[in-house]
Amino acid sequence: MLSPNPIAGRPSPDPSGQEDAMILFNQVDKWYGDYHALTNVCAEVKKGEVVVVCGPSGSGKSTLIRTVNRLEEIKSGQLLFDGHDIHAPMSSMALNKLRSRIGFVFQSFNLFPHLSVLENIMLSPMRVLGVRRTDAKAKAQQLLERVGLSSKAGAYPAQLSGGQQQRVAIARALAMEPPAMLFDEPTSALDPEMVGEVLSVMRSLADEGMTMMCVTHEMNFAREVADRVWFMDAGQILEEAEPETFFTSPQHPRAQRFLSDLRAH
């Protein structure tokens, strides 16, 4: 049975009929003590779709994306990834297997400082998937070429710029061959001149048909690359629209104010 959705009264999605949904939020609620961080979130990311999540600081964007691979637990509702209930009771081994199919790129890179660039990318396929070292190395080299860093294979993270480290982090996530990629403000820790090189890699992934959910303040990227934009505030998705519609004629007053403030700056 369908239930009300805060977005324009639209009914929440029916999990049983969402065959083309890669990520499905169905009445998801999240609390931190007395603070209601996510409120009745009902939305979906279709296979091959790029969704950009935007909104003011503290609106719940990062909390939302971190629930997709269970870095954050939900209080109630259902969250499906490729048909699997992420928050169902499961062993740590089953959870790790599920997480291995969800590429996640953090704002802080999270590379292992004592491993070379190549070794950072090879590690998870070898340990989690049991890929042979020679095969993992060949794949890592291909991925470094894909993100424009083939000459940095032997370097260590501390020898790279922030933009280069983030591109290595993207390559590391891709090494697991995930069906979807999550990006949690991947450019927010970068100097302005490094932002473009990371967004360029993300654009190429979108062009190749990768399913992507991106929390970002890069509104030009959202306008050019996203299939849909979700606008969040106070733990709710208040507006969901195609980029052109969202940026030219937002419907919700809070979204209108958010875009007006951006233009003013």
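Structure's up top.
First, a word on what this report is: a plain description of the structure on this page. The model shown is predicted, which means the values in this text are computed figures rather than measured ones. (Residues numbered from 1 in each chain as written. Predicted model: local features only at pLDDT ≥ 70, side-chain atom pairs only at ≥ 80, totals over all residues. Heavy atoms only, no water.)

## Looking at the packing of helix α3 (residues 117-128) against helix α4 (residues 133-146)
One can describe the packing of α3 onto α4 by two numbers: an axis separation of 9 Å at closest approach and a directional angle of 125 degrees. By the angle between their axes, α3 is oblique relative to α4. Handedness of the crossing formed by α3 with α4: right-handed. For the pair formed by α3 and α4, the contact residues are Val117, Leu118, Ile121, Met122 and Met126 on the first element and Arg133, Ala136, Lys137, Ala140, Gln141, Leu143 and Leu144 on the second. The residue inventory of the contact of α3 with α4, partitioned by class, reads nine nonpolar, one polar and two charged. (Axes fitted to C-alpha atoms, helices over the stretch in contact; angles between N-to-C directions. Helix = DSSP H or I, 4+ residues; strand = E, 2+ residues; numbered from the N terminus. Parallel < 35°, antiparallel > 145°, perpendicular 65-115°, else oblique. Left-handed = near helix turned anticlockwise from the far one by under 90°. Contact = heavy atoms within 4.5 Å. Nonpolar A, V, L, I, M, F, W, Y, C, P; charged D, E, K, R; others polar.)

## Examining the pairing of strand β8 (residues 211-215)
Of all the five residues making up β8, five are buried; the element is thus mostly covered by neighbouring parts of the structure. The alternating pattern of β8 places Thr211, Met213 and Val215 on one face and Met212 and Cys214 on the opposite face, and all of these are buried. In the sheet, strand β7 (residues 180-184) pairs with β8 via five bridges, with the strands oriented parallel. When the sheet's bridge partners are listed, alanine 180 is paired in β8 with threonine 211. (Buried < 20%, exposed > 50% of the residue type's maximum accessible area, 1.4 Å probe, protein only. Pairing = 2+ DSSP bridges.)

## What to know about the layout of surface pockets
By volume, the largest pocket is sized at about 580 Å³. Lining the largest pocket are 20 residues, and of these Arg99, Phe104, Ser124, Arg172 and Met176 lie nearest its centre. For the lining of the largest pocket, the secondary structure elements donating two or more residues are α2 (92-99), β6 (102-105), α3 and α5 (162-174). Looking at which element gives the most residues to the lining of the largest pocket, the answer is α3, with five residues. Of the residues belonging to the lining of the largest pocket, the class tally is 10 nonpolar, seven polar and three charged. Here the second largest pocket defines a volume of roughly 170 Å³. Taken together, His217, Met219, Asn220, Arg223, Phe247, Leu259, Leu262 and Arg263 make up the lining of the second largest pocket. Of all the secondary-structure elements, those providing two or more residues to the lining of the second largest pocket are α7 (219-225) and α9 (253-264). (1 Å grid on protein atoms, 1.4 Å probe; cavity = no way out; pocket = protein on both sides within 12 Å on 5 of 7 lines; lining within 4 Å. Points joined across faces, edges and corners; volume = space filled by probe spheres on them.)

## Comments concerning the pattern of salt bridges
When their charged atoms lie close together, side chains carrying opposite charge are able to pair. Within this structure, the stated rule accounts for 15 salt bridges. Between arginine 101 and aspartate 82 there is a salt bridge, and its shortest N-O distance comes to 3.1 Å. On the criterion of sequence distance, the pair formed by arginine 101 in the loop between α2 and β6 and aspartate 82 in the loop between β4 (76-81) and β5 (84-85) is long-range, its members being 19 residues apart. Across the pair arginine 254 and aspartate 233 runs a salt bridge whose closest N-O atoms are separated by 2.9 Å. With arginine 254 in helix α9 and aspartate 233 in strand β9 (residues 228-233), this residue pair connects regions lying 21 residues apart in the sequence. By relative accessible area, which is 17% here, arginine 254 ends up buried. Among the charged side chains, a salt-bridge network with shared partners connects Lys30, Arg66 and Glu72. (Salt bridge = Lys/Arg side-chain N within 4 Å of Asp/Glu carboxyl O.)

## A word on the packing of aromatic side chains
Throughout the structure, instances matching the rule amount to five aromatic pairs. With centroids separated by 5.2 Å and ring planes inclined at 50 degrees, the aromatic side chains of phenylalanine 231 and phenylalanine 258 adopt a geometry described as tilted. A residue pair is termed long-range when its members are at least 10 positions apart, and phenylalanine 231 in strand β9 and phenylalanine 258 in helix α9 qualify at 27 residues. Three or more aromatic residues joined by ring pairs form one cluster here, namely Phe231, Phe246, Phe247 and Phe258. (Phe/Tyr/Trp six-rings, centres within 6.5 Å; stacked < 30°, edge-to-face > 60°.)

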